[in-house]
Amino acid sequence: MYEGGCLCGQVRFAARGEALNPHSCSCRNCQRHSGALTLCWVEFPKGAVQWTGEGGEPARYRSSDYSSRAFCPVCGSTLGALDDEPVVALLLGSFDQPVQPALQPQSHSFADGCPPGWHP
Ligand SMILES: [Zn+2]
Ligand SMILES: [Zn+2]
C-alpha cells in the first residue's frame with residue numbers, strides 16, 4: 001500500500017499492489033504540466049487506486065487523445081495522469097515516501113529534454 005497527496009492535502013490517494021513501470025520522463029507535456037524538467041512516474045491498474053482525501057478525485061486536463069493530467073484544484077499540485085485505458089500513473093513526488101527501492105525509476109523517457117550532462 002502506497003499513500004500520497006497534493007501540497008494542501010485536499011486530494012489524497014492510496015494505491016495497492018505492485019508499482020509498475022517506474023520511470024522518469026522529460027517530455028514537453030511533463031515539463032509544461034509541472035514546470036519541472038523531469039518527472040518520475042509509477043503506474044497502477046485503475047482499480048488499485050482510491051482517492052481518499054476530502055477533495056475526492058483530482059481535477060483533470062485533457063492533455064492527449066488518450067490521457068488526462070490530474071491536479072489538485074485547490075493548490076494546483078500535479079498528481080499524475082489518468083489514461084482512458086485502465087491505468088493510473090502517479091508522480092513519485094506526491095508520495096508520502098517517494099524514495100524506496102520498489103519506486104526507483106528504471107528508465108528515462110525523452111532524455112533529450114534534459115540539459116547536456118544532466119542525468120536525473
Ligand atoms: Zn491540494
Ligand atoms: Zn512525459
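Residues numbered from 1 in each chain as written. Chains lettered and ligands numbered in written order. Predicted model: local features only at pLDDT ≥ 70, side-chain atom pairs only at ≥ 80, totals over all residues. Heavy atoms only, no water.

Another aspect to go through is the coordination of the zinc ion (ligand 1). Donor atoms from the polypeptide that bind the zinc ion (ligand 1) are Cys6 (SG), Cys8 (SG), Cys72 (SG) and Cys75 (SG), placed at 2.3 to 2.4 Å. Coordination at the zinc ion (ligand 1) comes from four donor atoms whose angles at the metal span 106 to 112°, giving a geometry best classed as tetrahedral. Donor residues for the zinc ion (ligand 1) sit on one chain with the sequence pattern C-x1-C-x63-C-x2-C. Residue cysteine 6 is located in the loop between strand 1 (2-5) and strand 2 (12-15), and its partner cysteine 75 is located in the loop between strand 7 (67-71) and strand 8 (78-83); the two are separated by 69 residues in the primary sequence. The class of cysteine 6 is buried, set by a relative accessible area of 10%. (Donors = N, O, S within 2.8 Å, 3.2 Å for Na, K, Ca; no water. Tetrahedral: all angles 85-135°; square planar, octahedral: opposite > 155°, others 65-115°. Helix = DSSP H or I, 4+ residues; strand = E, 2+ residues; numbered from the N terminus. Buried < 20%, exposed > 50% of the residue type's maximum accessible area, 1.4 Å probe, protein only.)

Another aspect to go through is the pairing of strand 8. Consecutive residues of a regular strand have side chains that alternate between opposite faces of the sheet. Among the six residues of strand 8, five are classified as buried, and the element is accordingly described as predominantly covered. Across five bridges, strand 7 lies against strand 8 in antiparallel orientation. Bridge assignment links alanine 70 to a residue of strand 8, and that residue is glycine 80. Where strand 7 folds back on strand 8, the antiparallel hairpin that results is connected by six residues, among which glycine 76 adopts a positive phi of roughly 85°. Note: strand 8 against strand 9 (residues 87-91), three bridges, orientation antiparallel. (Pairing = 2+ DSSP bridges.)

To continue, consider the environment of arginine 28. Within the fold, arginine 28 resides in helix 1 (residues 28-34). For the pair arginine 28 and glycine 113, spaced 85 residues apart in the sequence, the C-alpha separation amounts to 7.5 Å. Among the polar contacts listed, one links the side chain of arginine 28 to the side chain of glutamine 31, at a separation of 2.6 Å. (Polar contact = N/O pair within 3.5 Å; in protein donor to acceptor, adjacent residues only side chain to side chain.)

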